[in-house]
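The residues making up each chain are set out below.
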Amino acid sequence: MKKAELFVGIDVSNKTLDVCKLSSTREFLKITNSQKSIAKFIKDLERRHTPSTIFLCLENTGKYSWRLVEALATSEINTYVVNPLHLKRSLGLIRGKNDKVDAVRIAQFIKKNHEELVPYVPEREEITNIKILLAERRYKVKTRRQLKAKNKDLKQVPNRTMVKTLINENNQLIKQYDKQIKRIETEIRAVINADQSLKQMAKLLKSVPGLGDIIAWNIIVKTNEFKTIKDPRKLACYCGVAPFQNRSGTSIFGKTRVSLLADKKLKKILHLGAMRAVRMNNDFKVYYERKVKEGKNKMLVLNAVRNKMIHVAYALINKQEFYQNRLVLS
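Since we're looking at a predicted model, the values are computed, not measured.

**Overview of the side chain of Asn218**
Tracing the sequence through the fold places Asn218 in helix 8 (residues 213-222). Judged by its relative accessible area of 9%, Asn218 falls in the buried class. When sequence neighbours within four positions are dropped, the list of residues in contact with Asn218 reads Leu134, Arg138, Leu266 and Ile269.

And the structure:
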């Protein structure tokens, strides 16, 4: 006889977790988002139900969900960490919103989709540390860019004495951010170089033309060392460079396009990498120049280069080989 399955939806916030349990009945509870409360909650679940029959789902809310995800990593409970956009789109037309209602919707979502979804693969501590450092680096790079833009705007102000003072203050902050960004990058390299697996992975990825440290680190983190996103097509789709057809019957013949639902940060740095690659003497440059001569749109070809970079990166990781220029990309 098949054991009864339990579907658990958790809405995560900074201080609390709203939980909905679905089986033959519906049960709600609210716990604090603390290690002690989470440990007690998981222990109670495992005591009342066979862990393999529990399907627990939560949204990927970044730092707020770390305690819960970390505690579940040592449990045999089937855990799913879902992109909030995926969940929102799958629910269709909905009205109203609060934490309790969200927990119900998450529980209903996992009950309906658990057979199609891939369970969460826990991250190693090294990956979590790199993820935190990359997030901090992005914040500081963004703030530095804003300060530089502010300096340009200040040059239009008539009061030159005041402007000079403000620009000097901003320049001092920019220098501080420069130092902090370099320190973070040094720390990331130290984490990677201390782990042989990550060190080899980064070397293989950086052998791809145009793919430098920042892109390599982000790919390693986003794919969880290629454990979570194992297919290059899925990563291309995730970062919005995979083309999709837009056709219906015999009446609609739309252009093939990339999806707007994407990780824009990863897409942006891949674009910069592709622009760098097509300026170097390699397969990607040959491919880019040939397609442009054929009359293809430059941005369309650049997107194809981004896509090819991802597929080449996966091939190198799978074969454990470094990139070799053949100048024959089709």
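We are not done yet, so read on.
**Examining the packing of helix 6 (residues 160-193) against helix 8**
Two quantities define a packed helix pair, namely the angle between the axes and the distance from one axis to the other. Packing of helix 6 against helix 8 brings their axes to within 12 Å, and their N-to-C directions diverge by 55 degrees. Here helix 6 is positioned oblique relative to helix 8, judged by the angle of their axes. With respect to the hand of their crossing, helix 6 and helix 8 are arranged in left-handed fashion. Contacts between helix 6 and helix 8 involve Glu185, Ile188, Arg189 and Ile192 from the former and Asp213, Ile214 and Trp217 from the latter.

**Observations regarding the packing of aromatic side chains**
Counted by the stated rule, this structure contains 3 aromatic pairs. Both rings, one in Phe284 and one in Tyr323, keep their centres 6.1 Å apart while their planes meet at 15 degrees; by these two values the pair is stacked. With Phe284 in helix 11 (residues 283-293) and Tyr323 in the segment after helix 12 (298-319), this pair connects stretches of sequence that are 39 residues apart. One Lys or Arg, Lys100, reaches over the ring of Phe28 and ends 4.4 Å from the middle of that ring. Above the face of the Tyr287 ring, Lys308 is positioned so that its terminal group lies 4.8 Å from the ring centre.

**Description of the sheet that holds strand 2 (residues 16-22)**
Reading across the sheet, the 5 strands line up as 3-2-1-4-5 and stay open at both edges, with mixed pairing between neighbours. Single-partner strands in this sheet number two, and they are strand 3 (26-32) and strand 5 (78-82). On average, adjacent strands in this sheet sit at an angle of 20 degrees to one another, irrespective of strand direction. Relative to the sheet, helix 1 (residues 35-48) contacts strand 1 (6-12), strand 2, strand 3 and strand 4 (54-59), its axis offset from that of strand 3 by approximately 150 degrees.

**Some details on helix 1**
Side chains that are three or four residues apart share a direction in an α-helix, a result of its 3.6 residues per turn. Along its 14 residues, helix 1 runs 20 Å from first to last C-alpha, staying within 8% of the 20 Å computed at 1.5 Å per residue. Listed as buried for helix 1 are Ile38, Phe41, Ile42, Asp44 and Leu45. End-on, the buried residues of helix 1 take up no more than an arc of 160 degrees, which puts them together on one face. Seen from the open side of helix 1, the exposed residues pointing more than 90 degrees away from its buried face are Gln35, Lys36, Lys40, Lys43 and Arg47.

**Some points on the packing of helix 11 against helix 12**
Their axes nearest at 10 Å, the elements helix 11 and helix 12 cross at an angle of 150 degrees. Of the possible angle classes, the one that applies to helix 11 and helix 12 is roughly antiparallel. The hand of the helix 11/helix 12 crossing is right-handed. Contacts from Phe284, Tyr287, Tyr288, Lys291 and Val292 of helix 11 reach helix 12 at Lys298, Val301, Leu302, Ala304, Val305, Lys308, Met309 and Val312. When its residues are assigned to classes, the contact of helix 11 with helix 12 shows 10 nonpolar, no polar and 3 charged.

**Let's talk about the pattern of salt bridges**
Scanning all chains against the criterion turns up 17 salt bridges. The partner of Arg183 in a salt bridge is Glu187, with the nearest N and O atoms 3.1 Å apart. Here Arg183 pairs with Glu187, and both are found in helix 6, just 4 residues apart, close to one helical turn. When its relative accessible area of 47% is taken as the criterion, Arg183 is described as partly exposed. The partly exposed category is assigned to Glu187, whose relative accessible area is 35%. Linked by salt bridges that have partners in common, Arg124, Glu126, Asp195, Glu225 and Lys227 make up one network.

Basis of the calculations
- Residues numbered from 1 in each chain as written.
- Predicted model: local features only at pLDDT ≥ 70, side-chain atom pairs only at ≥ 80, totals over all residues.
- Heavy atoms only, no water.
- Helix = DSSP H or I, 4+ residues; strand = E, 2+ residues; numbered from the N terminus.
- Buried < 20%, exposed > 50% of the residue type's maximum accessible area, 1.4 Å probe, protein only.
- Contact = heavy atoms within 4.5 Å.
- Axes fitted to C-alpha atoms, helices over the stretch in contact; angles between N-to-C directions.
- Parallel < 35°, antiparallel > 145°, perpendicular 65-115°, else oblique.
- Left-handed = near helix turned anticlockwise from the far one by under 90°.
- Phe/Tyr/Trp six-rings, centres within 6.5 Å; stacked < 30°, edge-to-face > 60°.
- Lys NZ or Arg CZ within 6 Å of the ring centre and 35° of its normal.
- Pairing = 2+ DSSP bridges.
- Expected span 1.5 Å × (residues − 1).
- Arc of directions from axis to C-beta.
- Nonpolar A, V, L, I, M, F, W, Y, C, P; charged D, E, K, R; others polar.
- Salt bridge = Lys/Arg side-chain N within 4 Å of Asp/Glu carboxyl O.

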